[in-house]
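# Observations on the model geometry
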Number of protein chains: 2
Amino acid sequence: MVFQSPILKAPVTSSDRLLLEIQRAIVEGEIAAGSKISEPELARRFNVSRAPLREALARLERCHLIERLPNVGARVVKLSVEGLISLYQLREELEGLACRLAAEHMPEQEIQELQALLEKHLQTQRVRDGESYYQEAGDLDFHYRIILGSKNDYLINILCDELYFLVRMYRVQLGMNGPRVSRAFDEHKAILNAIANRDGELADLLMRRHIGASRHNIELQLQLRETG
Amino acid sequence: MVFQSPILKAPVTSSDRLLLEIQRAIVEGEIAAGSKISEPELARRFNVSRAPLREALARLERCHLIERLPNVGARVVKLSVEGLISLYQLREELEGLACRLAAEHMPEQEIQELQALLEKHLQTQRVRDGESYYQEAGDLDFHYRIILGSKNDYLINILCDELYFLVRMYRVQLGMNGPRVSRAFDEHKAILNAIANRDGELADLLMRRHIGASRHNIELQLQLRETG
DNA sequence: ATAAATCAAAGTGTCGACAATTTGGCTTTC
DNA sequence: GAAAGCCAAATTGTCGACACTTTGATTTAT
C-alpha cells in the first residue's frame, strides 16, 4: 500500500503529475539524497519538455526536497542530524499549535471518525506486530487529520504541503521501525482523547512529547549511521 | 526609505527581479487585492516573456500573495479578518519559538548590534513622533534579526520568505499607525533584554504578547473598514 | 610542479509559437 | 423567461530553439 496524502488534489496538469512522481522518487531515495539534478536528463526520463519540469522543480524547492542556485541548478537535499533537529523543533511547535486549535475547532464527527480509524489500525495484524510501513502510513494519516482539524489554512499548508515530504523522507530513508511503533499508537490515543475532551493544552503537551520522542528515535539511528 | 529585507539575496536572474517588483506592487496595493492576474498583460508591462513571469508567479504563490488554479490562473489574495487571525496565530507561535532559540543561539555580538539598532531608532525623530512608515521598517528589521538569531533554517525560511510579505501587506494596506507604534518600541526592548539574559521562556512570552497586541490593533482597523 | 588563463561542452534562463482549456456571450430549447 | 448547449475569443500549459552562464579539462606561463 502506497501512502496517499489525504489532502491530495487530483493532478490535472502535466507538472502536477511530475511533482508527485519526483517527490516519490526523492522521498524513497530512488533519486539519491545530495545528488545533482539534471533538467535535460529528468525531462527525457519523464517524456516532457523542460517547462513543466521546471515548474515541478520550483514546487520541490518549496517543500525543501531540493535546493536551487541561480545559473547552477538543483540538488536533492542531504539528510543530517542538524536538519532533523531543526525540522522536528518546528514540528513540535506547529503540531502542538494544531492540537490546541483542533481541540477548539474540530467537529465532533471528525473526532469520531479519527477514533474509529485508530481502532481499525489497532485491529490490523501488521500494526500489532510492529510492521513499519503500514504504521508509517497510519501515523502520517493521524497527524494529517489533526492538522486539518486545526482549520488554520496557513498552518495546514506549511505542515502538509511544505514540511511533511521531508519528514517522510527522513523516516523512509532511515527506516522508522523498532519498539517505538507500538508505543506511538498509545500516544496517538492519548492525544486524541485530550482533543475529544476539548483540552487543548494537554493535547499540545502530549503532541510535543510524541514528536520529541520520535525525533529522538530517528536521531539515534542517524548518529549510528554516521559513526558506523 | 524603502524597506529592504536583510536576508535579501541580490537578484541575479530576470525572474528574481520580477519577483521583487511584483511583490512590492502587490504589498503596496498597486495591484489590487483580489484582482485577477493576466500573464500576457504582466509580461508586456515588465517587458519579459511569460517564462520568467510564471517562475515569479510560482514564488508569489509560495509567499501567499497570490492563489493559482490549474488552467484558470492567478488571483491576488484578499485580506480578511479570518486570514489575519490565522496568520498571526502562526506568527505568535513561530516567533515565540524564534525567541527561545535566539536566547540559546544568538551570539553576543548580534545581540549588541541589535541593542545599538534599537537605540538608534529611539533617537530618530520620526519614531518619537509616531510616524508609521519608518517604524514599519524598523519593526520588521527587529523581528527579522530575532528570527535570524534562531539559527533554524526552516524557521527562518518560513517566516522571512513565506509569511512576512503577507504580514507587510496587511500592515501597509491597513496603515499600521496610531498609539501602538511607540508602545511597540518598549516591547522590543523588553524582548531583547530577555534574550540578552538568555531567558528564552520570558522572551517567548513577551513576543507572543507583542504580536497578539499587534494583531488586535490591525483587527480593529479591519473590522472598522468592513463595517464602514 | 603549481597556478593562472583558455576554451569547448554541458546546463540553465529566456523567448516565441502552438496546443489545450476555460470563459462569456449567443443561440437554441423547454 | 430561464436553463442548457454551443461557439469564438482569450488565457493557460507545453514545446523546441536559442542565448548566456557555469564547469572542468587542457593549455600556458611563472
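Residues numbered from 1 in each chain as written. Chains lettered and ligands numbered in written order. Predicted model: local features only at pLDDT ≥ 70, side-chain atom pairs only at ≥ 80, totals over all residues. Heavy atoms only, no water.

This brings us to the overall build of chain A. Counting its secondary structure elements, chain A contains ten helices and three strands. Put simply, chain A runs from its N terminus to its C terminus through helices and strands in the order α-β-α-α-β-β-α-α-α-α-α-α-α. Per-residue burial over chain A gives 53% buried out of 228 residues. Long-range pairs, those at least 24 residues apart, make up 79% of the contacts in chain A with a sequence separation of at least 6. Accessible surface for chain A amounts to roughly 10,500 Å². Of this, 50% is attributable to carbon and sulfur atoms. (Helix = DSSP H or I, 4+ residues; strand = E, 2+ residues; numbered from the N terminus. Buried < 20%, exposed > 50% of the residue type's maximum accessible area, 1.4 Å probe, protein only. Contact = heavy atoms within 4.5 Å. Areas by Shrake-Rupley, 256 points an atom, 1.4 Å probe, with all protein chains shown as cover.)

Before going further, it helps to spend a moment on the relation of the copies chain A and chain B. Overlay of chain A on chain B (RMSD 0.0 Å): rotation 180°, translation along the axis 0.0 Å. Look at the turn and shift together and you get a two-fold axis relating the two. The overlap is high: 100% of the interface residues of chain A also sit at the interface in chain B, so the same surface is used on both sides. (Least-squares fit on C-alpha atoms with pLDDT ≥ 70 in both.)

Our focus in this paragraph is the protein's contact with DNA strand C. The environment of DNA strand C is formed by 20 residues, the closest being R50(A), R54(A), T13(B), S14(B) and S49(B). Backbone atoms, meaning sugar and phosphate, form 71% of the atoms of DNA strand C found within 4 Å of the protein. N71(A) places a polar main-chain atom, nitrogen or oxygen, 3.1 Å from a phosphate oxygen of DNA strand C. At a separation of 2.7 Å, a phosphate oxygen of DNA strand C approaches a polar backbone atom of S49(B). At the level of secondary structure, the elements contributing two or more residues to the surface near DNA strand C comprise β1 (36-37), α2 (39-46) and α3 (50-62) of chain A together with α1 (14-27) and α3 (50-62) of chain B. In terms of residues, the surface near DNA strand C owes the most to one element, α3(B), which gives three residues. Split by residue class, the surface near DNA strand C holds eight nonpolar, seven polar and five charged. (Near = heavy atom within 4 Å. Polar contact = N/O pair within 3.5 Å; in protein donor to acceptor, adjacent residues only side chain to side chain. Nonpolar A, V, L, I, M, F, W, Y, C, P; charged D, E, K, R; others polar.)

Before going further, it helps to examine the packing of helix α4 (residues 81-105) of chain B against helix α8 (residues 153-174) of chain B. The packing of two helices is summarised by the inter-axis angle and the distance between the axes. Residues and elements named next belong to chain B. Where α4 contacts α8, the axes come no closer than 11 Å and their chain directions differ by 140°. With respect to their mutual orientation, α4 and α8 come out oblique. Crossing of α4 over α8 shows left-handed handedness. Contact residues: G83, L84, L87, Y88, L90, R91, L94, E95, L97, A98 and L101 in α4; L155, I158, L159, L163, Y164, L166, V167, Y170 and R171 in α8. (Axes fitted to C-alpha atoms, helices over the stretch in contact; angles between N-to-C directions. Parallel < 35°, antiparallel > 145°, perpendicular 65-115°, else oblique. Left-handed = near helix turned anticlockwise from the far one by under 90°.)

Neighbouring DNA strand D are 20 residues, the closest being T13(A), S14(A), S49(A), R50(B) and R54(B). Those atoms of DNA strand D that come within 4 Å of the protein belong to sugar or phosphate at a rate of 69%. The contact in question runs from a phosphate oxygen of DNA strand D to an N or O atom on the backbone of E39(B), over 3.4 Å. Within the side chain of R50(B), a nitrogen or oxygen atom sits 2.8 Å from a base nitrogen of DNA strand D.

We now examine the domain arrangement of chain A. Residue and element names in this part refer to chain A. Examined at the domain level, chain A breaks down into domain 1 (14-76) and domain 2 (81-227). Centre-to-centre, using C-alpha coordinates, domain 1 lies 27 Å away from domain 2. Counting residues at the interface gives eleven residues for domain 1, matched by ten residues for domain 2. Overall, the association of domain 1 and domain 2 removes approximately 920 Å² of surface from exposure, summing both partners, and the carbon and sulfur fraction of that is 61%. Sorting the residues of domain 1 by area buried against domain 2 places V27, R62 and H64 first, and these three jointly supply 50% of that buried surface. Across the domain 1-domain 2 interface, the total number found is one salt bridge. (Domains from an automatic or database assignment. Buried area = accessible area lost by both parts, 1.4 Å probe. Salt bridge = Lys/Arg side-chain N within 4 Å of Asp/Glu carboxyl O.)

Once that is clear, we can look at the interface of chain A and chain B. Taken residue by residue, the interface counts 29 residues in chain A and 29 residues in chain B. For the pair chain A and chain B, the two sides together bury roughly 2,500 Å², of which 59% comes from carbon and sulfur. Scanning the region where chain A abuts chain B turns up eight salt bridges. With a shortest N-O distance of 2.9 Å, R100(A) and E93(B) are connected by a salt bridge. Put simply, chain A and chain B have ten residue pairs in polar contact (both at pLDDT 80 or more) between them. For the side of chain A that touches chain B, the secondary structure elements donating two or more residues are α3, α4 (81-105) and α8 (153-174) of chain A. By residue number, the principal contributor to the side of chain A that touches chain B is α4(A), which donates ten residues.

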